[in-house]
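Here is what each chain is made of, one letter per residue.
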Amino acid sequence: MRLKEALLRGQGREEFDELDSFLLGTVGGRAPGFPAAGPDALYERAEHRRVAHLLHSRAGREASGGIEVNRRFSRVMFDHNLRTWEEIAGAFADAGIRVAGVKGLFLGALLRRTADQARVTTDLDLLVDGRSLDAAMEVLASLGFVSGLDIKDHAFLRMSSRAIRELEAQQGSYGQVAPMARLLKLPEMDPVAEDIGRWLPGRKLVRTSAGVRSLSVVDLHFDMGHRDASGARHAIPAGELLDSAVTVRHGGTDVRTLDHATMTWLLCYRAYCDIALFGERRLKLFADITDLIRRGGWPSGAVEAAVARYPFIARPIEETLRFLREECAVDPGAWRNPGSRRDPGPRRDPAPPPATPATPVTVRGTVLVCHGWGSEPGSSPWVGRLSGRLARRGVAVVELAPFAVAGDVPDLSEVAETLRERVEAARKDTGGAPVGLIGVSLGSAAALAAVAGGAAVDFLVTVGTVASADVGVTADGGPRELLARYGGGAGDDERVPFLTGQVRLGFLRDLVACAGGTDLGAVTSPVLVLSGGTDNEWRLRDAATVAAHAEARGDGSARRDFPAGNHTLDNAAVGTASAVLSWLTALGVLG
């Protein structure tokens, strides 16, 4: 089917009318002002076609309220997508997986689009080599992304998506695993929550009692290909596309994407596939292609080389160019020599410099990690990852394991006092460099008590948070039940079973008094609360309590949930380490 026929007169779909024609003119740079239907009607159609960003610059006295809401959402997502990409890129680099992005944020980086010029999207389309696909999905899962139709965790919205086998069964789509998603809190959109339903009806946005929520979605592409009418598959392996990847500095972040020429011919090919084969009206692709051609010219040499390698892209590219000329008044031949640019443009990774003698790393801080019950130094995978990454920034990580259960464990209040003393000593030893505490499980109760008791830390991270005596609740009951069962007139030295060992009754009495008596209002340092979705209800309750106290201060405190994570998040090592490092970087405490 010809592209024009598929887009303008496709069977079984809504009519292509004057508003769509106006938007095509906007894609081509024609159509000033607003059509007779008015700005609201134009915005609603533009949002439906996902090209509302083309109207942002037209927002004057006649501007639609929808354009204002869309522009606000664009700015919010621009920032969120950059931060998400930075987190994913770091995690993939740690895992040794090559990755780059297409469309959306990545195209915006290539074209130097500002937040106001960017197209609104909650999706990141990532290219990974097919041989790395399983590992890539594991990394995303470790970062809190969940795959599948039936997300059970209460924090997630039910998603509507198609499995890869269903996608492959349809002509026009191939080579994609989508989506993996996690919850995205959007407090910046709360002021326009009343307008969400009207102006952004097709977005994955929900207004809840806790504010506006969305899904942050990652699509993994291991091939950029399609099935033809005969069922034959035509593939452009993502691994080969990654060979043309470049790095672009965008919004203060290094963004990895395809070079200008590759992005241009690839989107021309995808525009034909998505519209003529898959039956979607995607004006946004024409807008993106037009921008690429205007900014970088028509890459005739690169296209010829690509067609020689992948002959099946020849007709799709030819059809797309014909449509741009006839319907959008865009002539690629007019921009063959766009001229020099003042900016340095994208860069390919340079060859590594010759080895030089190691220089001393400036000490930029100390992080004390207090492990929980039964854990030893070096036993936590995510702490190991975090230690390595912080060491490269001159931050020393010191692991303490007071509850290793090699013999009698110290009382919680005693451990809290030890932590306070270690913090004070670290401050003296490092000459005022930042000092932070990380508490894991029972160690988090000690860390909270230490900070509430005066330990002057610059930040606190709690994992598997314990802010009450319910850390040891099992089918046999918790510390209070054990005291009621065995305490009576027994002395502090009487030993009773607890978790995986035995403890003194005095330990349980101190645990109840210390953990349950911590004044969270006295914890005034920024706090990051991390929790795993498979943890028990008591510890998830404690995590929510600590996070609520901390986030109310507006000092950068935050909570991060890993739906598939266990109590200590050791099964989410990559994501946990990245979450801590990203948070510390955002706080600016590491210099």
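What you are looking at is a predicted structure, and each value in this text was computed from that prediction instead of being measured.

Peer 1: Is there a simple way to explain the overall build of the protein chain in this structure?
Peer 2: From N to C terminus, the protein chain includes 20 helices and 17 strands. Every one of the 591 residues in the protein chain was classed for burial, and the buried ones make up 54%. Taking as baseline every contact in the protein chain between residues at least 6 positions apart, the subset at least 24 positions apart corresponds to 74%.

Peer 1: Mind showing me how you'd approach the packing of aromatic side chains here?
Peer 2: Two aromatic rings are characterised by how far apart their centres lie and by the angle between their planes. A complete count under the given rule lists 8 aromatic pairs for this structure. Ring centres of W85 and F106 lie 5.2 Å apart, and the angle between their planes is 85°; this geometry places the pair in the edge-to-face category. Of this pair, W85 sits in helix α4 (residues 65-95) while F106 sits in helix α5 (residues 104-110), and the two are 21 residues apart along the sequence. In this structure, W85 and F106 share a single accessibility class: buried. An angle of 65° between the planes, with centres 5.9 Å apart, marks the rings of Y269 and F312 as edge-to-face. Taken together, the residues Y269 in helix α10 (residues 260-277) and F312 in the loop between α12 (300-309) and α13 (314-328) connect sequence positions 43 residues apart.

Peer 1: What is the right way to read the pattern of salt bridges from this model?
Peer 2: Opposite charge on two side chains allows them to pair when their charged atoms are near. Summed over all chains, the structure comprises 27 salt bridges. In this structure, R83 and D79 form a salt bridge, with 2.3 Å as the shortest nitrogen-oxygen distance. Placement of the pair is R83 and D79 together in helix α4, with a separation of 4 residues, close to one helical turn. The partner of D291 in a salt bridge is R113, with the nearest N and O atoms 2.7 Å apart. One end of the pair, D291, is in helix α11 (residues 283-296); the other, R113, is in the loop between α5 and β2 (123-127), and 178 residues separate them in sequence.

Peer 1: Whenever I open this one, the environment of T253 confuses me. Can you help?
Peer 2: Within the fold, T253 resides in strand β9 (residues 253-258). Of the residues examined, T253 reaches a relative accessible area of 7% and is grouped as buried. Note: C-alpha distance between T253 and R83 (170 residues apart in sequence) is 8.4 Å.

Peer 1: Just checking my understanding: could you explain α13 for this structure?
Peer 2: Each α-helix winds once per 3.6 residues, and so residues spaced three or four apart point in a common direction. Helix length check: α13 (15 residues) gives 21 Å between terminal C-alpha atoms against 21 Å at 1.5 Å per residue, within 8%. Burial in α13 covers these residues: P316, I317, E319, T320, L321, F323, L324, E327 and C328. Positive phi appears at A329, one or two residues downstream of α13, with a value of about 55°.

Peer 1: I keep staring at helix α15 (residues 412-429) and nothing clicks. Help me out?
Peer 2: The terminal C-alpha atoms of α15, which comprises 18 residues, lie 26 Å apart, in line with the 26 Å expected from a rise of 1.5 Å per residue. In this structure, the buried residues of α15 make contact with β10 (365-370), β11 (395-400), β12 (435-440), α16 (442-452) and α18 (505-517). G431 lies just past α15 and shows a positive phi near 60°.

Peer 1: Any chance you could explain the sheet that holds strand β13 (residues 459-463) here in plain terms?
Peer 2: Strand pairs in the sheet, formed through backbone hydrogen bonds, run parallel or antiparallel to each other. A sheet is described by the order of its strands in space; here 6 strands give the open sequence β11-β10-β12-β13-β16-β17, paired in parallel fashion. The open sheet has two edge strands, β11 and β17 (558-562), and neither has a second partner. Taking each pair of neighbouring strands and ignoring which way they run, the sheet shows an average axis angle of 15°. Here β12 pairs with β13 via 5 bridges, running parallel. Each bridged residue has a counterpart across the sheet, and for L437 the counterpart in β13 is L460. Here α16 sits on the sheet in contact with β10, β12 and β13, set at roughly 140° to β12.

Reading the values: the criteria
- Residues numbered from 1 in each chain as written.
- Predicted model: local features only at pLDDT ≥ 70, side-chain atom pairs only at ≥ 80, totals over all residues.
- Heavy atoms only, no water.
- Helix = DSSP H or I, 4+ residues; strand = E, 2+ residues; numbered from the N terminus.
- Buried < 20%, exposed > 50% of the residue type's maximum accessible area, 1.4 Å probe, protein only.
- Contact = heavy atoms within 4.5 Å.
- Phe/Tyr/Trp six-rings, centres within 6.5 Å; stacked < 30°, edge-to-face > 60°.
- Salt bridge = Lys/Arg side-chain N within 4 Å of Asp/Glu carboxyl O.
- Expected span 1.5 Å × (residues − 1).
- Pairing = 2+ DSSP bridges.
- Axes fitted to C-alpha atoms, helices over the stretch in contact; angles between N-to-C directions.

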